[in-house]
Amino acid sequence: MNYDKSSGLHVQLKALSAKLVLFMAAGLAVVGYQTSASAQAAYGSYIGVGPAFGLTEGSQEDENRQVAGVVAARYKFLRSPISARAQAFIGDGLTLVPTVSYDYPLNWQTDVYLGAGASIPIGGSTVLGNKTSFALQPGIDYTLPNSNLVVFGNAVISFGGYRSGGAATSLQGGVGLRF
C-alpha cells in the first residue's frame, strides 16, 4: 500500500511503529528482570499473523515505504536452540523471508533470537524492497501462560534490498497459535 508523505497516514504509521518498538522494548525489560531457576527455550512451533511496516525507502520512485500483513511461522527443534522460521509479507507485492535462527531463552516463556536467511520479493515493491538479498532477523517470542498463544515481534533487515541500493528494513509483530 503506497501513501503520500504529506498525508496524515504517514505520521500515524510512524507513531504506530514507534509504539510497537517501545512495546517490544518494555516487554524485553519486564521479562529480562524475571528470574528462573533454569531457563529453557519457549517450547512449541507456531504460525501467526500481524501487521508489518516498512521503515526505509529506496531512491527510485517505486521504492516507497510500504505497509503489509505478515504470516509468520516457526518450527522449533526440541533439544536445540535452533529454529526454522519463515515469513510472508503480503501487500502491494509479496516477499518471502526464510531464516534459520539461534534462540536464546530469557525464561521458560520467552526467547530472543537472531535469524539469518534471505529476503525474496515476488512482484512489486514490498516492505523489504524489490531485490533478493541477504537478511537478518532479530526478534522475540513470548508464550502466554496457560494458553497456546504466542506474541511475536521482530525486525527484518534486507541488506541491498533495493535495486537502487541500500538496505530495506521492516518491523512486524503479531499473535500466533502454537502446535
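Let us look at the structure shown here. (Residues numbered from 1 in each chain as written. Predicted model: local features only at pLDDT ≥ 70, side-chain atom pairs only at ≥ 80, totals over all residues. Heavy atoms only, no water.)

To continue, consider the sheet that holds strand 5 (residues 110-122). Spatially, 8 strands are ordered 1-2-3-4-5-6-7-8 in a closed barrel, and the strand pairing comes out antiparallel. Geometrically, the sheet is characterised by an average inter-axis angle of 25° between neighbouring strands, direction not taken into account. Relative to strand 7 (residues 149-158), strand 6 (residues 133-143) is paired through 7 bridges, and the arrangement is antiparallel. Of the residues in strand 7, the one forming a bridge with Asp141 is Phe152. (Pairing = 2+ DSSP bridges. Helix = DSSP H or I, 4+ residues; strand = E, 2+ residues; numbered from the N terminus. Axes fitted to C-alpha atoms, helices over the stretch in contact; angles between N-to-C directions.)

A separate point is a nonpolar patch on the surface. Together, Ile47, Val49, Val71, Tyr75, Phe77, Ile90 and Phe179 give the surface a local cluster of nonpolar side chains, amounting to about 690 Å² of exposed area. The topology assignment puts Ile90 in strand 3 (residues 82-90). (Patch = residues over 30% accessible without salt bridge, like charges linked within 9 Å, V, L, I, M, F, W, Y side chains within 5 Å. Areas by Shrake-Rupley, 256 points an atom, 1.4 Å probe, with all protein chains shown as cover. Salt bridge = Lys/Arg side-chain N within 4 Å of Asp/Glu carboxyl O.)

A few words now on unusual backbone geometry. The backbone phi angle of Arg79 is positive, close to 65°, even though this residue is not glycine. One non-glycine residue, Asn146, lies in positive phi territory at about 55°. Assignment of secondary structure puts Asn146 in the loop between strand 6 and strand 7. Looking at Asn146, the relative accessible area reads 83%, which means it is exposed. (Buried < 20%, exposed > 50% of the residue type's maximum accessible area, 1.4 Å probe, protein only.)

This part covers the pairing of strand 4 (residues 94-107). Where strand 3 meets strand 4, 9 bridges bridge the pair, whose relative direction is antiparallel. Across the sheet, the residue bridging to Ser83 is Ser101, located in strand 4. Here strand 3 folds back onto strand 4, and the loop between the two strands holds 3 residues. Two strands pair when backbone bridges link them, and strand 4 and strand 5 are joined in this way by 11 bridges, in the antiparallel orientation. The partner of Asp103 across the bridge, within strand 5, is Tyr113.

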